[in-house]
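One letter stands for each residue in the lines below.
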Amino acid sequence: MKARAGDFVLTDFAFDSGDVLPELRLHYRTLGELRRDEAGRASNAVLILHGTTGNGAQFLRESFADELFQPGQLLDAAKRFIILPDGIGHGLSSKPSDGLRMRFPRYGYLDMIRAQYRLLTEGLGVDHVTLVMGTSMGGMQTWLWGIHYPDFMDCLVPLAALPAEIAGRNRMTRVMIMTSIRSDPAWKGGNYKEQPPGLRNAIHLLIMMTSCPRQWQREAPTREAADAYLDELIDTYASALDANDMLYAFTASEDYNPAPHLSRIKAPLLAINSADDQVNPPELGIMEATMRKTPHGRYALLPIDERTRGHGTHTLASLWKHHLAAFLGRLAGA
């Protein structure tokens, strides 16, 4: 299964902050071929959105693609046109580390979905999608897609995301991540020549934010194993992240608050979370409360077992694809 990659450039893109970027590059990958119905409307497009600091390529990994995109599977790439964009500030799309550093426009999730919409409609000629699905940040953006483009999709599947303003421990952790970078003298207001130590401090918090106590105890049952596992995690993150990009990516969530607008969602929606997700802990009761305000909304909570991986369960499609199959089956039979 080979993805096709491309770039779509938006000229003079205006951000909600008031900033304008002369050229905003959105990188994307696609699988399959776009098809249209007798009226000429796109009939098989699927949009899948990634999480904070990630990119669209993560959905080409075995744990996701081999469970969903293969022949005969739920999102068979021979039948679907699958679109995997890199969000603003992520992957190979325009981001602070390209050169503008802290002069890069401040962006939010609403800017990100507006750019995604223009990529689909202006860049790829997609005027309708059968499914919008996303993980973590992409899950949050899936909720926003349903609110701001309610007639654009047949259904929505947000994973590892809550439809409410980021507050409580989630917000506190994000503030600590951002402060770890900004308060480091070596950050130099974003004009560093090498990654500041504050990036590693931010990574420490990111690791705790998305940690999975049960599985980590199994994988690192001794002091030595735990130390080695932690070192490996930190090195892996540090080799892939940039301090300014990370700062912008976490700041972007500050405009996220779909809760007052859930009644605008028209498409059937299936929200999937896992019980061991420390970013979106089920004991908060947020999903149950907000789901009652979501027209045509359903909620599936995956129980903790030997296979779940906390927040990271969202890309282990084998653990939740049966819920997706039942959801799509009900829609097909409606």
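Let me sum up the structure you'll find in this document. Keep in mind it's a predicted model, so treat the numbers as computed, not measured.

One pass over the structure, following the stated rule, counts three cavities of 30 Å³ or more. Of the volumes computed, that of the largest cavity is approximately 50 Å³. For the lining of the largest cavity, the leading source of residues is strand S7 (residues 269–274), giving three residues. Of the residues assigned to the lining of the largest cavity, the class counts are five nonpolar, five polar and one charged. Estimated volume of the second largest cavity: approximately 40 Å³. The wall of the second largest cavity is formed by Leu162, Asn273, Asn280, Pro281, Pro282, Leu284, Gly285, Ile286, Met287, Glu288 and Tyr299. Per-element accounting of the lining of the second largest cavity gives the leading share, three residues, to helix H9 (residues 286–291). Classifying every residue of the lining of the second largest cavity by side-chain character gives seven nonpolar, three polar and one charged.

Our focus in this paragraph is the sheet that holds S7. Spatial strand order, S1-S2-S4-S3-S5-S6-S7-S8: eight strands in an open sheet with mixed pairing. Only two strands of the sheet have a single partner each, and these edge strands are strand S1 (4–14) and strand S8 (297–302). Put simply, the sheet's adjacent strands are angled 20° from each other on average, direction ignored. Where S1 meets strand S2 (residues 20–31), ten bridges bridge the pair, whose relative direction is antiparallel. Its bridge partner lying in S2, threonine 11 is registered against glutamate 23. Contacts between helix H2 (residues 109–123) and the sheet are confined to S1, S2, strand S3 (45–49), strand S4 (81–85) and strand S5 (129–135), with S1 contributing the most and set at about 120° to the helix. Helix H10 (residues 321–333) contacts strand S6 (153–159), S7 and S8 of the sheet and is inclined by roughly 160° relative to S6.

Turning our attention to the layout of surface pockets. Approximately 1400 Å³ is the volume found for the largest pocket. Of all the secondary structure elements, the ones that give two or more residues to the lining of the largest pocket are helix H1 (62–68), helix H5 (197–209), helix H6 (213–219), helix H7 (223–240) and helix H8 (243–251). By residue number, the principal contributor to the lining of the largest pocket is H7, which donates five residues. Taken as a whole, the second largest pocket encloses approximately 230 Å³ of empty space. Lining the second largest pocket are 16 residues; nearest its centre among them are Leu162, Ala167, Asn170, Leu284 and Ile286. Per-element accounting of the lining of the second largest pocket gives the leading share, three residues, to helix H4 (residues 168–182).

Both faces of the sheet carry side chains from a regular strand, because those side chains alternate between them. S7 sits mainly inside the fold: six of its six residues count as buried. The two faces of S7 match: Leu269, Ala271 and Asn273 on one face and Leu270, Ile272 and Ser274 on the other face are all buried. Here S6 pairs with S7 via two bridges, running parallel. Counterpart to leucine 156 in the pairing with S7 is leucine 269. When S7 meets S8, the two strands line up parallel, connected through six bridges. Bridge pairing in S8 links leucine 270 to arginine 298. The parallel pair S7 and S8, bridged by H9, forms a crossover whose chirality is right-handed.

Positive phi values are uncommon outside glycine, yet alanine 160 reaches one of about 55°. Take alanine 160: it is sitting in the loop between S6 and H4. Overall, the relative accessible area of 6% leaves alanine 160 in the buried class. Positive phi is not limited to glycine here, since lysine 188 has a value of about 55°. In this fold, lysine 188 is placed in the loop between H4 and H5.

The final tally for this structure, using the stated rule, is 17 salt bridges. Ionic pairing is found between glutamate 254 and arginine 106, a salt bridge with its closest N-O pair at 2.3 Å. Within this pair, whereas glutamate 254 is found in the loop between H8 and S7, its partner arginine 106 is found in the loop between S4 and H2, the two being separated by 148 residues in sequence. The class for arginine 106 is partly exposed, based on a relative accessible area of 45%. The shortest N-O distance in the salt bridge between glutamate 219 and arginine 309 comes to 3.8 Å. You can see glutamate 219 sitting in helix H6 and its partner arginine 309 sitting in the loop between S8 and H10, a full 90 residues away along the chain. Residues joined in a network through salt bridges with shared partners are Asp16, Asp111 and Arg114.

This part covers the packing of aromatic side chains. Tallied over the full model, the rule gives 14 aromatic pairs. Plain terms: the ring middles of phenylalanine 64 and phenylalanine 69 are 5.8 Å apart, the flat faces sit at 70° to each other, and that makes the pair edge-to-face. By relative accessible area, phenylalanine 69 is classed as buried at 1%. Among the aromatic residues, those joined into a cluster by ring pairs are Phe59, Phe64, Phe69 and Trp320. Positioned over the ring face of tyrosine 192 is arginine 101, at 5.4 Å from the centre of the ring.

Conventions used here
Residues numbered from 1 in each chain as written. Predicted model: local features only at pLDDT ≥ 70, side-chain atom pairs only at ≥ 80, totals over all residues. Heavy atoms only, no water. 1 Å grid on protein atoms, 1.4 Å probe; cavity = no way out; pocket = protein on both sides within 12 Å on 5 of 7 lines; lining within 4 Å. Points joined across faces, edges and corners; volume = space filled by probe spheres on them. Helix = DSSP H or I, 4+ residues; strand = E, 2+ residues; numbered from the N terminus. Nonpolar A, V, L, I, M, F, W, Y, C, P; charged D, E, K, R; others polar. Pairing = 2+ DSSP bridges. Axes fitted to C-alpha atoms, helices over the stretch in contact; angles between N-to-C directions. Contact = heavy atoms within 4.5 Å. Buried < 20%, exposed > 50% of the residue type's maximum accessible area, 1.4 Å probe, protein only. Right-handed = clockwise from strand over helix to strand, strands pointing away. Salt bridge = Lys/Arg side-chain N within 4 Å of Asp/Glu carboxyl O. Phe/Tyr/Trp six-rings, centres within 6.5 Å; stacked < 30°, edge-to-face > 60°. Lys NZ or Arg CZ within 6 Å of the ring centre and 35° of its normal.

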